[in-house]
Amino acid sequence: MLLRALKLPAFAAHHEELARRAGQEGWTCPHYLRQLVELELSERRGRRIERLLKASGLSADKTLATLEQEKLPAKVRRQLPALCEGGFVERAENVLAFGLPGRGKTHVVSAIGHELVQRGYEVLFVPAVLLVQRLLAAKKNLLLEKELRRLDGYDAVILDDIGYIQQDREEMEVLFTFLAQRYERRSVLITSNLVFSQWDRIFKDAMTTAAAIDRVVHHALILELTGDSYRSEKAKSRETVDKALRKAPGDE
């Protein structure tokens, strides 16, 4: 009861089991206590990571383990390990993943996000369109500043598919405000099928576009996802398998 009151669930659950082991193996009292403390810390870390993952919005199947790294450009493969360590988050740097649809941009940044969570960072994955809608709703309710503070609690925000935003000026302004507010303070990971010269489709006027690019690119690492579309390759593979299955035994 005392251990539960102190919020030490691992102590409460395992102290008797470890006490028996301590007696059998002749542990000293400090060693026994150290084992309990390490177990408590380990379980706390596990629960925290579970909470962070649940709150992150990350897809459970877009991890480093499921990423087909051999299909990534060589430069991206070399950059990936350092990004997964999270040093760029400590330096409040950004990561920008560019490429045509189906090149694996979302999977790459999601895999990085999963690795960051495992290291204890608070991460949020959100489609750019939904973030803009959220910020716009907050602004209309006079709660934009509060929403921005809430988002500021995340060490890294993954903004997916920024190139698909075709918004009016009011929507553009809240997105720019979000990017400007995190500038040199918090990290943003952005995926886009539009190169910078096409970002005027997002921010509408040349001045705002230049200001947004300046804030995003300063202290940023750029990942260029080239090559064939993963989705097209998988579709072709399925088509080949389907043809083989439909082929009658006597057709050889």
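Look up a bit, the structure's there.
Each value, and the rule that gives it
- Residues numbered from 1 in each chain as written.
- Predicted model: local features only at pLDDT ≥ 70, side-chain atom pairs only at ≥ 80, totals over all residues.
- Heavy atoms only, no water.
- Phe/Tyr/Trp six-rings, centres within 6.5 Å; stacked < 30°, edge-to-face > 60°.
- Helix = DSSP H or I, 4+ residues; strand = E, 2+ residues; numbered from the N terminus.
- Buried < 20%, exposed > 50% of the residue type's maximum accessible area, 1.4 Å probe, protein only.
- 1 Å grid on protein atoms, 1.4 Å probe; cavity = no way out; pocket = protein on both sides within 12 Å on 5 of 7 lines; lining within 4 Å.
- Points joined across faces, edges and corners; volume = space filled by probe spheres on them.
- Nonpolar A, V, L, I, M, F, W, Y, C, P; charged D, E, K, R; others polar.
- Contact = heavy atoms within 4.5 Å.
- Pairing = 2+ DSSP bridges.
- Axes fitted to C-alpha atoms, helices over the stretch in contact; angles between N-to-C directions.
- Left-handed = near helix turned anticlockwise from the far one by under 90°.
- Salt bridge = Lys/Arg side-chain N within 4 Å of Asp/Glu carboxyl O.

(A) Representation of the packing of aromatic side chains within the structure. In this structure the tally under the stated criterion is 4 aromatic pairs. Summarising the aromatic geometry, the rings of Phe 98 and Phe 196 are spaced 4.9 Å apart at their centres and angled 75° between planes, so their arrangement reads as edge-to-face. A residue pair is termed long-range when its members are at least 10 positions apart, and Phe 98 in strand S1 (residues 94-98) and Phe 196 in the loop between strand S4 (187-192) and helix H10 (200-203) qualify at 98 residues. By relative accessible area, which is 10% here, Phe 98 ends up buried. Note on Phe 196 and Trp 199: the rings are 5.1 Å apart at their centroids and 70° apart in plane angle, and the pair reads as edge-to-face. On the basis of relative accessibility, which here comes to 22%, the residue Phe 196 falls in the partly exposed class. Ring pairing ties together the aromatic residues Phe 98, Phe 196, Trp 199 and Phe 203, which thus form one cluster.

(B) How the structure looks around the layout of surface pockets. Here the second largest pocket defines a volume of roughly 180 Å³. Every residue lining the second largest pocket is counted, 13 residues in all, and those nearest its centre are Phe 98, Gly 99, Leu 194, Val 195 and Glu 224. Across the lining of the second largest pocket, the residue classes tally to 7 nonpolar, 5 polar and 1 charged.

(C) Spotlight on the environment of Tyr 32. Topologically, Tyr 32 is positioned in helix H3 (residues 29-56). As for Tyr 32 and Ala 19, which are separated by 13 residues in sequence, their C-alpha atoms are 7.3 Å apart. If sequence neighbours within four positions are ignored, Tyr 32 has contacts with His 15, Leu 18, Ala 19, Ala 22 and Trp 27.

(D) Structural detail: empty space enclosed by the protein. Applying the stated rule across the entire model yields 1 cavity of 30 Å³ or more. The space that makes up the largest cavity amounts to roughly 50 Å³. As for the largest cavity, its lining consists of Asn 94, Leu 179, Arg 182, Tyr 183, Arg 186, Val 188, Arg 215 and Val 216. Listed by contribution, the elements that provide at least two residues to the lining of the largest cavity are helix H9 (169-182) and helix H11 (206-217). Of the residues assigned to the lining of the largest cavity, the class counts are 4 nonpolar, 1 polar and 3 charged.

(E) How the structure looks around the sheet that holds S1. The strand order across the open sheet built from 5 strands is S2-S3-S4-S1-S5, with neighbouring strands paired in parallel fashion. Among the strands making up the open sheet, the edge pair consists of strand S2 (123-127) and strand S5 (220-224). Recorded for the sheet is a direction-independent mean angle of 15° between the axes of neighbouring strands. Pairing geometry for S2 and strand S3 (residues 156-160), over 5 bridges, is parallel. Paired with Phe 125 across the two strands is Ile 158, which belongs to S3. On the sheet, helix H6 (residues 105-118) packs against S1, S2, S3, S4 and S5 and is oriented at approximately 160° with respect to S4. Packing of helix H7 (residues 128-140) onto the sheet brings it into contact with S2 and S3, and relative to S2 it is tilted by some 95°.

(F) Structural detail: the packing of helix H2 (residues 9-25) against H3. It is the contact of H2 with H3, at a shortest axis distance of 9 Å, that shows an interaxial angle of 145°. In this structure, H2 crosses over H3, and the sense of that crossing is right-handed. In this structure, H2 uses Pro 9, Ala 10, Phe 11, His 14, His 15, Leu 18, Ala 19 and Ala 22 to contact H3, whose residues at the interface are Tyr 32, Gln 35, Leu 36, Val 37, Leu 39, Glu 40, Glu 43 and Arg 47. Here the contact of H2 with H3 is built from residues that sort into 10 nonpolar, 3 polar and 3 charged.

(G) Summary view of the pattern of salt bridges. Taken as a whole, this structure holds 16 salt bridges when the rule is applied. Here Glu 43 makes a salt bridge to Arg 47, at a shortest N to O gap of 3.9 Å. In this pair, Glu 43 and Arg 47 both sit in helix H3, 4 residues apart, roughly one turn of the helix. As a salt-bridge pair, Arg 91 and Glu 93 come within 3.0 Å of each other at their nearest N and O atoms. Looking at Arg 91, the relative accessible area reads 53%, which means it is exposed. Glu 93 gets classed as partly exposed once you look at its relative accessible area, which sits at 21%. Put simply, Glu 40, Glu 43, Arg 44 and Arg 47 are held in one network by salt bridges that share partners.

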